[in-house]
Amino acid sequence: MFDSLPYRNDAAMVLRRLIRSLPTRRGVMGVATCDKGLPAMLMALAGSPDLPGILVPGGVTLLAEEAEDTAKVQTLATRFAHQEITLDHAAEMGCKACGSPGGGCQFMGTAASMQGAAEAMGLALPHAALSPSGAEIWRDMARRSALALMELEQKGTSTREIVTADALHNAMVCHAAVGGSTNLVLHLPAIAHAVGIGRPTVDDWSRINRAVPRLVDALPNGPRHFATVQVFLAGGVPEMMLHLRDLDLLKLDVPTVTGRTLGENLAWWEQSERRVRLKEKLKQLDGIDSSDVIMSSPRAKSRGLASTVTFLQGNLAPEGALIKSTAIDKRRLDANGVYDHTGPARVFTTEAAAIQAIKDGKLVAGDVLVLMGIGPGNGMPETYQVTSALKYMKGGDQIALVTDGRFSGVSTGACLGHVSPEAWAGGPIGRVREGDMIRLLVDTVKLTGSIDLVGESAETFISRGCHPELQQDPRIAPDTRLWSALQNASGGSWGGCVYDADRIADLLAKGQAAE
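Residues numbered from 1 in each chain as written. Predicted model: local features only at pLDDT ≥ 70, side-chain atom pairs only at ≥ 80, totals over all residues. Heavy atoms only, no water.

### A word on the side chain of Ser-420
Working step 1: In this structure, Ser-420 sits in strand 10 (residues 415-420).
Working step 2: The class of Ser-420 is buried, set by a relative accessible area of 5%.
Working step 3: A polar contact of 2.9 Å, which involves the side chain of Ser-420, links it to the side chain of Glu-319.
Working step 4: Ignoring anything within four residues of it in the chain, the contact list for Ser-420 reads Ala-317, Pro-318, Glu-319, Gly-320, Ser-493 and Trp-494. (Helix = DSSP H or I, 4+ residues; strand = E, 2+ residues; numbered from the N terminus. Buried < 20%, exposed > 50% of the residue type's maximum accessible area, 1.4 Å probe, protein only. Polar contact = N/O pair within 3.5 Å; in protein donor to acceptor, adjacent residues only side chain to side chain. Contact = heavy atoms within 4.5 Å.)

Here it is in structure tokens:
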């Protein structure tokens, strides 16, 4: 996983070079599906702003019969290690998880969240995201996308006219309403940077997340955990946006790849035969009422749907951090929905060491597991195994995790990530020592919170150096270290882990002049 996020930047650059290599280019159609390829494709489209562009989302895989979904199968190894399942069961479930070839996962992870964001930005046709991959309804969408691209070219409509600040606002609103992956805090700023508009800040994310209710019940957030294809049949992104429109949360005048505004697209969807037909199909196939999947704000509130992400700051995260607040065990919240945990730091500089400590029973309820040095400086791999290990550990629900890394979409528990600045950029998290008292405060209702080291004076804490065990992983390749240095100079993880060519050139010039 060390190269997963750096690959996104590499892929976007290669795609842009391929686009520029075609001397007769007149427009770009991108077909992409999953966690890194889809953000890379959107960065490539946005990075070709003077051409018309359109995205064909690769869709999602179907639920398999008599099998676990693609979220649950990711816990097979942990459940097998805890002797909860047999090896034969693990092998069978792993092979059966995908009900159809192709497409993204059945849960609202990065792939599904990015498909929805692309449609919300106006770069994909209405009701294009989360389509059953390869099915006739998906192929029809692909054909109509080609026709739409031709019309964009004939009208001279460029991607720059579609991917605007208001379009990005709509994508962020839809991310909050669907309860999307936290990885979008990396990808949407990168798309904004590629097209040349302002990148959203922590304050922007926090403001929008507090203003927008979650309206969609989908894996892994629940409460009933519908699959992504069921969200599609319930109306998908345009159905959700109808409710957001009624709440006056969208910028309706933005242009889209249909040649019409978002408001016009939603008016069409509201009266469309397709909307009625697919909702009936959901009822016929799965016995599910579409209004149980995508809801109005009052209905969502009555069903207990809470906003997914809380953005925090504090002396350990002066530039920001986030937590999937819906993943915190409800037993750990007080009557007002507040998670207030203070405990001693148990410090680890590798995920493997943290997992081994959990297996050896060296962590106890009340601890704060601090996993430092796995941010962009070490490739920013997704941290899942440690959260899974905590989930199956006795008392694991009473242990908080704080890291400068990021999480898989199916991670659960009181897991705070994206702590910035990261340890490798000199961030305060790198100064934490074993036994330091750390307080994590999360108001899951007001969506506010903080992460602080307590009981130590600011002067003493600042005077500490980095943790002595903080060392570069020897498996990190030179090109990944180069990616790390370049993105750190360009705004780091909250800036989208991008390459800001002007800033990099300026810093290099200053460095050369100082030699």
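### Observations concerning the environment of Leu-508
Working step 1: You can see Leu-508 is positioned in helix 20 (residues 501-514).
Working step 2: On the basis of relative accessible area, Leu-508 is assigned to the exposed category, the value being 52%.
Working step 3: Along the sequence, Leu-508 and Met-172 sit 336 residues apart, while their C-alpha atoms lie 34 Å from each other.

### Some words on the nonpolar core
Working step 1: Counting residues in each nonpolar core, the largest one holds 94 residues, and the members touching the most others are Leu-42, Leu-188, Ile-191 and Leu-244.
Working step 2: Residue contacts for Leu-42: discarding those within four places in its chain leaves Leu-55, Met-114, Ala-118, Leu-123 and Ile-191.
Working step 3: One finds Ala-345, Ala-400, Ala-414 and Val-442 within the second-largest nonpolar core, a separate group that totals 28 residues. (Core = buried A, V, L, I, M, F, W, Y, C linked by side-chain atoms within 4.5 Å.)

### Quick notes on the packing of aromatic side chains
Working step 1: Under the counting rule described, the total for this entry stands at 3 aromatic pairs.
Working step 2: Ring centres of Trp-205 and Phe-311 lie 6.2 Å apart, and the angle between their planes is 25°; on these two criteria the pair is classed as stacked. With Trp-205 in helix 10 (residues 202-211) and Phe-311 in strand 3 (residues 309-314), this residue pair connects regions lying 106 residues apart in the sequence. Take Trp-205 and Phe-311: they sit in the same class, and that class is buried.
Working step 3: Ring geometry for Trp-268 and Trp-269: centres 6.0 Å apart, planes at 55°, overall tilted.
Working step 4: Put simply, the rings of Trp-205, Phe-311 and Trp-494 pair up and form one aromatic cluster. (Phe/Tyr/Trp six-rings, centres within 6.5 Å; stacked < 30°, edge-to-face > 60°.)

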